Amino acid sequence: MTPQPVVRLESYRLNDWERQGSNSRVPRSSLAPILRFAEMESYVQIPPDDGAGEISGLLQLGVAREEQPHYLKVMARPETNVAPLVSFGLGLLAARIGKGGSCPDNGVLAPVRTYESPIDRRLEEAGFANLDTVTLLMKEAVVRVAEPALVPAVR
């Protein structure tokens, strides 16, 4: 479960969804601006019962066009098994790399936050290794605001 202060800081608001290509909008990523992709795609995972029409997972896939890694971002509800979503994304990348062209085989970067477990374990099962940790430091402060003083009207 995501800690409440982090939810407030990292929550996706309407302006956090950016246009990728001509038809899709995806959540902005802290890594997407520094990586240049030939293609950016999004896919959703829908629960098998599909009774409520809810989305249980989202896959954001960036295909590299230069000497940089491809990008795989998975977001999901805590109860969702994301293994099929990860396999699907890696299959798409493998197909594009197999075609050659401007899609080099430079590896795949898959950022995941520590509180997004078990996504990290599903990525490890698919062959990913933990390379580094980025720490988000935040401090909540309560600040008293003085009531504005009433100023008499000047005539």
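Residues numbered from 1 in each chain as written. Predicted model: local features only at pLDDT ≥ 70, side-chain atom pairs only at ≥ 80, totals over all residues. Heavy atoms only, no water.

1. Structural notes on the nonpolar core
For step 1, the next point in the chain: Among the nonpolar cores identified, the biggest contains 15 residues, and Leu 72, Val 74, Val 86 and Leu 123 are the most heavily contacted of them.
For step 2, the next point in the chain: Secondary-structure elements contributing two or more residues to this core are strand 4 (57-64), strand 5 (70-76), helix 2 (83-99) and helix 3 (119-125).
For step 3, the next point in the chain: It is helix 2 that contributes the most residues to this core, four residues altogether. (Core = buried A, V, L, I, M, F, W, Y, C linked by side-chain atoms within 4.5 Å. Buried < 20%, exposed > 50% of the residue type's maximum accessible area, 1.4 Å probe, protein only. Helix = DSSP H or I, 4+ residues; strand = E, 2+ residues; numbered from the N terminus.)

2. Observations regarding helix 2
Along an α-helix, residues three or four positions apart point the same way, because every turn accommodates 3.6 residues.
For step 1, the next point in the chain: Compared with an ideal rise of 1.5 Å per residue, which puts 17 residues at 24 Å, helix 2 spans 25 Å between its outermost C-alpha atoms and is within 8% of the ideal.
For step 2, the next point in the chain: Here helix 2 has its buried residues at Leu 85, Val 86, Gly 89, Leu 92 and Leu 93. Seen along its axis, helix 2 keeps its buried residues to an arc of 130 degrees; they face one direction. Exposed positions of helix 2 whose direction lies more than 90 degrees from the buried face are Gly 98 and Lys 99.
For step 3, the next point in the chain: At the C-terminal side of helix 2, Gly 100 shows a positive phi close to 75 degrees. (Expected span 1.5 Å × (residues − 1). Arc of directions from axis to C-beta.)

By themselves, these figures tell us nothing about what the structure is for.
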